[in-house]
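Descriptive structure summary
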Amino acid sequence: MKQIFILSLFFSILTYSQKVQILDAETHQPINGARIILTDQLVYTNEDGYAPLDKEAKGFEVSAAGYQSFKANSYQNMISLKPAIIDIEEVKIVDVDIKKLFEDIQKNYHKRYYDQPSLYDVTYKAKSFSNDKLYFLVIADAKLWSKSNAYNFRDGFRKKYDDILQMQLNNVKYLKSNSKTVFNAKTNEFSHAEMGDYFFSFEIYRLLVTMNTKNTKFSGRLLSDDGEEQLISIRIKTDNGINIEGEMHYNKADKVITYFEVVHQQTEYAPYKKTNTEGKEYEFQFGDVQLIYDFYKKDGKYLPALKKTVSDKFIIRYDGKQEERKSTTETIYHTFSASDKKGIEPRIDFTKSIWENIPVKEDKESGILLSREEQAFLNEN
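Cut-off values and rules
Residues numbered from 1 in each chain as written. Predicted model: local features only at pLDDT ≥ 70, side-chain atom pairs only at ≥ 80, totals over all residues. Heavy atoms only, no water. Pairing = 2+ DSSP bridges. Helix = DSSP H or I, 4+ residues; strand = E, 2+ residues; numbered from the N terminus. Axes fitted to C-alpha atoms, helices over the stretch in contact; angles between N-to-C directions. Buried < 20%, exposed > 50% of the residue type's maximum accessible area, 1.4 Å probe, protein only. Expected span 1.5 Å × (residues − 1). pLDDT = per-residue confidence, 0-100. Contact = heavy atoms within 4.5 Å. Patch = residues over 30% accessible without salt bridge, like charges linked within 9 Å, V, L, I, M, F, W, Y side chains within 5 Å. Areas by Shrake-Rupley, 256 points an atom, 1.4 Å probe, with all protein chains shown as cover. Salt bridge = Lys/Arg side-chain N within 4 Å of Asp/Glu carboxyl O. Lys, Arg positive; Asp, Glu negative; His and termini not counted. Charge placed at Lys NZ, Arg CZ, Asp CG, Glu CD. Phe/Tyr/Trp six-rings, centres within 6.5 Å; stacked < 30°, edge-to-face > 60°. Lys NZ or Arg CZ within 6 Å of the ring centre and 35° of its normal.

**Side note on the sheet that holds strand S5 (residues 60–63)**
Within a sheet, adjacent strands bond to each other through the backbone by hydrogen bonds, running parallel or antiparallel. Here 4 strands make up an open sheet; going across it, the order is S3-S2-S5-S6 and the pairing antiparallel. Looking along the sheet, the strands with just one partner apiece sit at the ends: strand S3 (42–44) and strand S6 (70–72). Across the sheet, the axes of successive neighbouring strands diverge by a mean angle of 20°, strand direction being ignored. Of the pairings in the sheet, the one linking strand S2 (residues 35–37) to S5 comprises 3 bridges and is antiparallel in character. By the bridge assignment for S5, Arg35 is matched with Ser63.

Shown next as structure tokens:
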């Protein structure tokens, strides 16, 4: 029996007195998703390249996929990163056995990635578009508890989600919806795969299942090697209309994937019928899903820094109409502390949307800034 995992469609100005903008040193364009590791937390830049940064910050590191890292001794309001230039003519193209690499990661996941109960201060952000128009935005501060920082399949299939991951909603910073103008595609479904997508270990498992499916073709190429970290391309093609392409950063010494970014191209997969929460049936067509997982090293083990999902080109058909949907969900892990196996109370119900849960009202500075697009949407009447 063929098994192909389909990725589901998911659906500030702050009190910081200072911020930093990260730019491309050559084009001077803002870099979205640049990571800044501070002494006691980490933050990411928004679509405009801005991130909150206190003027007292010092000894921090700035990095972004495709760029050389930069270490700053003191606060700067603007930092330019140099692209990691690869001279293809001087680099010997080397094939990489990505299946063997993924199998090694899966086998040794708990040895190389932090696998004890953990507690994180996170920012959860989600936004949705219909026909390229933003109609929903939520940004919330929360605490995230994980028992092992990996997905437990037995608990997942049994729907014992609280034994895998727990979230405490502290404060909904921003919430706006113009959803009355779009078709309600929400269903009552919540699967173990949706919980699994919080964990990189689940994606590794999913890739290996796909690669082991009959007639699936895959390849990996070494794109660069700086002595410590390799940049490796990923290509997987199935008979079921799914193509997976992307790249990863692999630390040779620690044998760990430190950054992973792929797109599951699913537009050729057959559409099927779904029923929304109002009992209305509609046709659902899969699109493309980009997955990003980012990690950083602390005390010899790797911790999650970012998990991001971008779902694009998803088609909703109903009553002779058609909408193209796009959505992003992002979890930024600002701080880390060791925890226990008890978890956190109160905690949200994952079968509900996060904004439908009751927040604890722990108000504090958030580690995220609004982009111009988001601010304009909030300012709309």
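**What about unusual backbone geometry?**
Between Glu345 and the following residue, Pro346, the backbone shows a cis peptide bond with an omega angle of -10°. Here Pro346 shows up in the loop between strand S20 (321–338) and helix H6 (372–379). A positive phi is found at Lys313, a non-glycine position, where the angle reads about 65°. Tracing the sequence through the fold places Lys313 in strand S19 (residues 301–318). Relative accessible area serves as the criterion here: at 40%, Lys313 is assigned to the partly exposed category.

**Here we look at helix H5 (residues 200–211)**
Its 12 residues give H5 an end-to-end C-alpha distance of 17 Å, which sits within 8% of 16 Å, the value for a rise of 1.5 Å per residue. The buried fraction of H5 amounts to 11 of the 12 residues, a majority that puts the element mostly inside the structure. Taken as a whole, H5 has its buried residues at Phe200, Ser201, Phe202, Glu203, Ile204, Arg206, Leu207, Leu208, Val209, Thr210 and Met211.

**Describing the confidence of the model for the protein chain**
Mean pLDDT over the protein chain: 88, with 92% of residues reaching 70 or higher. Throughout residues 1–16 the model reports pLDDT below 50, and contacts reaching past four residues in sequence, or to other chains, amount to 63 contacts.

**Section: the sheet that holds strand S4 (residues 50–52)**
If you trace the 3 strands from one edge of the open sheet to the other, you get S4-S1-S7, paired in mixed fashion. Two strands close off the open sheet at either side, each with one partner strand: S4 and strand S7 (78–81). Shown here is a sheet whose adjacent strand axes are inclined to one another by a mean of 30°, direction ignored. One ladder, built from 4 bridges, connects strand S1 (residues 19–24) with S7; its direction is parallel. Residue pairing across strands places Gln21 opposite Met78, the latter belonging to S7.

**Side note on a positive patch on the surface**
Taken together, the side chains of Lys147, Arg154, Arg158 and Lys341 present a region of like positive charge at the surface. Turning to its location among the elements, Arg158 is positioned in the loop between helix H3 (153–157) and strand S11 (165–177).

**Digging into the packing of aromatic side chains**
The description of two aromatic rings rests on the distance between their centres and on the angle between their planes. All told, the structure shown has 25 aromatic pairs when counted by the stated rule. Taking the centre distance of 5.0 Å and the plane angle of 85° together, the rings of Tyr120 and Tyr333 count as edge-to-face. Of the two residues, Tyr120 sits in strand S9 (residues 118–130) while Tyr333 sits in strand S20, which places them 213 residues apart along the sequence. Each member of the pair Tyr120 and Tyr333 is classed as buried. Linked through ring pairs, Tyr109, Tyr113, Phe200, Phe260, Tyr293, Phe295 and Tyr302 together constitute an aromatic cluster. Between Lys19 and the ring centre of Tyr50, over which it is positioned, the NZ or CZ distance is 4.5 Å. Between the NZ or CZ atom of Lys176 and the centre of the ring of Phe377, over which it lies, the distance is 5.0 Å.

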